[in-house]
Amino acid sequence: MTYLPNALAAELPPAQPKPTSLTGQREATLELWTDGGAEAGIWECDAGRFTTVRDGFHEICQILSGTATLTGEDGQVVELGPGSTVVLPDGWRGTWEVHTPMRKTYVTVQTGGTSSK
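This one's a predicted model, so the numbers in the text were calculated from it and none came from an experiment.

## A word on the packing of aromatic side chains
In total, this model carries three aromatic pairs according to the counting rule given. Centroid distance F50 to W96: 5.7 Å. Interplanar angle 10°. Geometry classified as stacked. One end of the pair, F50, is in strand β4 (residues 48-53); the other, W96, is in strand β8 (residues 93-110), and 46 residues separate them in sequence. When sorted by exposure, F50 lands in the same class as W96, which is buried. Members of the aromatic cluster, joined through ring pairs, are W43, F50 and W96. A cation sits over an aromatic face here: K18 above F50, 4.4 Å from the ring centre. The positively charged end of K104 is found above the aromatic ring belonging to W43, 4.6 Å away from the centroid.

Here's what the structure looks like:
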């Protein structure tokens, strides 16, 4: 069992430059559990904009703090804030516009394709 009493207050490793950022954002990830093709953890990112592609895995996110707008390549727009849950299926492509620094928990599940976070 892996247990974290307060994901919002958990200490994350030092933030690093986000490779897909369009605005120079930094991000930090604390991996809490991994088993084969599944992973769970906490992710945090500065305000700004970045692109993302979910190739080879599904991602389920629970927003703990911060706000963002997700815009899919299909034109769907979703507003996220504390308490929001979003599922990004294998093949999802789009842009995150993080308005205020964001922290989320996530679970990824590989689907057999190419995987990258």
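## Regarding the state of the cysteines
Within this structure, the stated rule accounts for zero disulfides. The structure places no disulfide on C45, whose sulfur is separated from the nearest cysteine sulfur, that of C61, by 12 Å. According to the relative accessible area criterion, C45 is buried, its value standing at 1%. For C61, a relative accessible area of 1% puts it in the buried group.

## Side note on the pattern of salt bridges
Summed over the entire model, instances satisfying the criterion amount to six salt bridges. Taking the shortest distance from any N to any O, the salt bridge between E59 and R54 comes out at 2.7 Å. The class for E59 is buried, based on a relative accessible area of 2%. When its relative accessible area of 6% is taken as the criterion, R54 is described as buried.

## Things to note about the nonpolar core
A general trend in soluble globular proteins is that nonpolar side chains are found buried together. L70, L80, W96 and M102 are the most contacted members of the largest nonpolar core, which totals 15 residues. Those residues in contact with W96 that sit more than four places away from it in its chain are G48, R49, F50, T52, A68, T69, L70, L80, L88, M102 and K104. Ranked by size, the runner-up nonpolar core spans five residues in total, among them A7, A10, L12 and A28.

## Considerations on the pairing of β8
Summarising the sheet, strand β3 (residues 38-45) and β8 pair through eight bridges and their orientation is antiparallel. Each bridged residue has a counterpart across the sheet, and for G41 the counterpart in β8 is Y106. Where β4 and β8 come together, six bridges link them in antiparallel fashion. Directly across from T51, in β8, lies its bridge partner T95. Note that strand β5 (residues 57-72) and β8 share 14 bridges and pair antiparallel. Bridging across to β8, C61 finds its partner in Y106.

Calculation notes
One numbering rule holds for all chains: residues counted from 1, following each sequence as written. Local features in this predicted model are restricted to residues whose pLDDT is 70 or higher, and side-chain atom pairs enter the listing and the counts only when it is 80 or higher, whereas totals over whole chains, interfaces and linings include all residues. Excluding hydrogens and water, the side-chain figures rest on all heavy atoms present in the structure. Centres within 6.5 Å make a pair out of two Phe, Tyr or Trp rings, where for Trp the six-membered ring is used; the pair is then stacked when the planes are under 30 degrees apart, edge-to-face when over 60, and tilted otherwise. Helix and strand definitions follow DSSP, with helices as H or I runs of at least four residues and strands as E runs of at least two, each counted in order from the N terminus. Working definition: with a 1.4 Å probe on protein chains only, accessible area under 20% of the residue-type maximum means buried, over 50% means exposed, and in between means partly exposed. By the criterion adopted, a ring carries a charge over it if an Arg CZ or a Lys NZ lies within 6 Å of its centre and within 35 degrees of its normal. Here, the term disulfide refers to a pair of cysteine sulfur atoms separated by no more than 2.5 Å. Put simply, a salt bridge is a Lys or Arg side-chain nitrogen that is within 4 Å of an Asp or Glu carboxyl oxygen. Residues belong to one nonpolar core when they are buried, are Ala, Val, Leu, Ile, Met, Phe, Trp, Tyr or Cys, and are joined through side-chain atoms within 4.5 Å. Contacts between residues were defined by any pair of non-hydrogen atoms, one from each residue, lying within 4.5 Å. DSSP calls a pair of strands paired once it identifies at least 2 bridges connecting them.

These values are about where atoms sit, not about what they do.
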